[in-house]
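As a plain string of letters, each chain reads:
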Amino acid sequence: MQKQDSMWKINESPRLKSYTLANFRELPQIQKLGKEKQFEMEVVGNVLPFKTNNYVVEQLINWNNIPDDPMFVLTFPQKEMLISQHYTKMESALKKGDKKEIQNTANEIRLQLNPHPAGQMELNVPTLKDGTKLYGMQHKYKETCLFFPSQSQTCHAYCSFCFRWPQFVGMDELKFAMREGEQLVQYLIEHPEISDVLFTGGDPMIMKAKIFSTYINSLLDANLPNLRIIRIGTKALSYWPYKFLTDDDVNETLDIFKKIVNKGIHLSIMAHFNHLVELETDAVKEAIKKIRVTGAQIRTQSPVLRHINDDSNMWAEMWKTQVQLGCIPYYMFVVRDTGAQHYFGMPLIDAQIIFRDAYKKVTGLARTVRGPSMSATPGKVQILGITELDGQKVMVLRFLQGRNPDWVQIPFLAKYDEKAIWLDELKPATGDKFFFEEELQEKMKILKNEDYPES
Ligand SMILES: *Cc1c(COP(=O)(O)O)cnc(C)c1O
Ligand code: SF4
């Protein structure tokens, strides 16, 4: 769809070159934009995560379409991503040039951008029977636990809407992976109800095969009868498909995939694709093939984002292309109420309209996708659509996942609200509480007490 200046040849084995604030001015494409624009990027990039790479810059971004190009907006900081008050603050700190002040200003602004309900992360932190807290894990829905290997806290490039800060881990990596892996196994033994382990991060596919296989081998060697599915949440197919084509450890990576499958465990790559452009290079198509021959399945997901993919035709085409390439469309998310939400976010109603208009245009094979879905405190809530109740417009919602599995699949109604961007802004269509609210409050109290026994 988009014309690239020069397509990379499929048999090339490029080296990953990262661009951050430290070196982005080297890029001729950036030099062309001029000093003022570069400074704007520096201001925003000091607050929001900024890292891109040679594949994204040379193969995905259409530099004839600046500033609107979706991949440009996805990986390069844009002035409007900060509200003007924050922008001005950082701008003046940078102009003064005091390193300490720049750092403090950044942290101060970030705190204001990240209004995660206090303890949201801690609430889902599981504990071993011996009392050990597993901070690298999250267990919110009965059958699935999330696992954050400490070496996967970074990505091949950063999405400008994302707030999972990369944290460099300066520990003996292999040793650490072994201990975390053992704890994961122990937790799975103690929780036979868990069937799915979802590796996430950051991006677990940033790990070298040697490290990644340490985790997988602990899981496989433990012969856990409950473990049926391993999922890997990754954006490597978009940001660095060479992970599965030509990187040094490619054979080892694909061999681990095969090993999982041969063990009788389903491997699902939860691939994060925000835009059709990410599916159009020869490299990504070839990488998808390589993964599929291992017996792994690829499912796809993305939030719906203003300035990047708020276009139902694009979504329809993206889902169709995914099915054509052998991937299964899985989730469309609503962007979280955090970070540059004012820039990327949109009302729930608008997200639902984009979803429906796209869904209308695809065949049943792409209608495996569900959304738009909010990962909110009580669970994953889907906006099904609009209907009428006693002559009043109402929104129909349902849980796709719930903190209590009994909440799942029961339609519930909210007052029609054109502006609401998150579940907590919605009001029940009748009565003063949603059906799950009282129970949720009880559950939160219990969780809080368990987590902070001293309080
Ligand atoms: C989305 C999610 C899962 C997986 O849910 P599925 O509907 O099975 O894909 C698991 N844990 C958490 C915390 C999640 O947000
Ligand atoms: S790839 Fe995922 S974790 Fe990494 S920056 Fe993007 S959204 Fe965040």
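Per chain, the residues get numbers from 1 upward, laid out in the order the sequence is written. The naming scheme follows written order: chains are lettered A onward, ligands numbered 1 onward. Reporting of local features is limited, given that this is a predicted model, to residues whose pLDDT is at least 70; pairs of side-chain atoms are given and counted only at 80 or more, and all residues count toward the totals for whole chains, interfaces and linings. With hydrogens and water excluded, all non-hydrogen atoms of the structure serve as input to the side-chain values.

Peer 1: Explain the site of ligand 2 residue by residue, including any values.
Peer 2: Around ligand 2 sit Cys155, Tyr158, Cys159, Cys162, Gly202, Lys235 and His272, and that is every residue in its neighbourhood. Only Asp, Glu, Lys and Arg are considered charged in this grouping, and only Ala, Val, Leu, Ile, Met, Phe, Trp, Tyr, Cys and Pro are considered nonpolar; every other residue, Gly among them, is considered polar. Partitioning the shell around ligand 2 into residue classes produces four nonpolar, two polar and one charged. It suffices for a single heavy atom of a residue to lie within 4 Å of a molecule or strand for the residue to be listed as near it.

Peer 1: Describe the packing of aromatic side chains, naming the residues involved and giving the relevant values.
Peer 2: Two aromatic rings, drawn from Phe, Tyr or Trp (for Trp, its six-membered ring), form a pair once their centres lie within 6.5 Å of each other, and the interplanar angle then sorts them: stacked below 30 degrees, edge-to-face above 60, tilted otherwise. The tally for this structure, following the rule as stated, stands at 32 aromatic pairs. Each ring, one from Phe355 and one from Tyr359, has its centre 5.2 Å from the other, and the planes form 25°; the classification is stacked. Here Tyr359 and Phe355 lie together in helix α15 (residues 348-360), a separation of four residues that amounts to about one turn. Of the aromatic side chains, those joined through ring pairs into one cluster are Phe399, Trp407, Phe412, Phe434, Phe435 and Phe436. Criterion for a charge above a ring: Arg CZ or Lys NZ at most 6 Å from the ring centre, at most 35 degrees from the ring normal. In this structure, Lys235 packs its charged tip against the face of Tyr239, placed 4.7 Å from the ring centre. A cation over a ring is seen here: Arg370 above Tyr330, with NZ or CZ 5.3 Å from the ring centre. Secondary structure counts use DSSP, requiring at least four H or I residues in a row for a helix and at least two E residues in a row for a strand, with both numbered from the N terminus.

Peer 1: Quick one: what's the story with the confidence of the model for the protein chain, residue by residue and with numbers?
Peer 2: Here the protein chain shows a mean pLDDT of 91. Residues at 70 or above account for 91%. Residue range residues 166-171 is modelled with pLDDT below 50. Its contacts to residues more than four positions away, or to other chains, number six contacts. Predicted confidence is poor over residues 451-455, with pLDDT under 50, and the contacts of this stretch with residues over four places away or in other chains come to five contacts. pLDDT measures how confident the predictor is about each residue, on a scale from 0 to 100. We call two residues contacting when some pair of their heavy atoms lies within 4.5 Å.

Peer 1: Tell me what's going on with the nonpolar core, and back it up with residues and numbers.
Peer 2: Only buried residues count toward a nonpolar core, which is a set of Ala, Val, Leu, Ile, Met, Phe, Trp, Tyr and Cys residues joined through side-chain atoms within 4.5 Å. A 1.4 Å probe rolled over the protein chains alone gives each residue an accessible area, and that area as a share of the maximum for its type sets the label: buried under 20%, exposed over 50%, partly exposed in between. Among the nonpolar cores identified, the biggest contains 110 residues, and Phe76, Phe199, Leu237 and Phe257 are the most heavily contacted of them. Top element by residues in this core is helix α9 (residues 209-221). It accounts for seven residues. With residues up to four places along the chain from it excluded, the contact list for Phe257 reads Met205, Phe212, Ile232, Phe244, Leu267, Ile269, Ile291 and Thr294. If you look at the next biggest cluster of nonpolar residues, it comprises 22 residues, including Ile349, Met374, Val381 and Ala414.

Peer 1: Describe the state of the cysteines, listing the residues and the values that go with them.
Peer 2: Any pair of cysteine sulfurs within 2.5 Å is marked as a disulfide. Applying the stated criterion to the full structure yields zero disulfides. Between Cys327, a free cysteine, and Cys159, which holds the nearest cysteine sulfur, the sulfur-to-sulfur gap is 17 Å. Classification of Cys327 by relative accessible area gives buried; the value is 3%.

Peer 1: Explain helix α5 (residues 84-96) to me, and be specific about the residues and the numbers.
Peer 2: Taking 1.5 Å as the rise per residue, α5 with 13 residues should run 18 Å; its terminal C-alpha atoms sit 18 Å apart, in good agreement. All of the buried residues along α5 are His86, Tyr87, Met90, Ala93 and Leu94. Projection of α5 onto a plane perpendicular to its axis shows the buried side chains occupying an angular sector of 135°, all on one side. The exposed residues of α5 that point more than 90 degrees off its buried face are Ser84, Gln85, Lys95 and Lys96. Tucked into the core, α5 has its buried residues touching α2 (35-45) and α6 (99-113). Multiplying one less than the number of residues by 1.5 Å gives the expected span of a helix. Each C-beta atom gives one direction from the helix axis, and the arc is the one those directions make.

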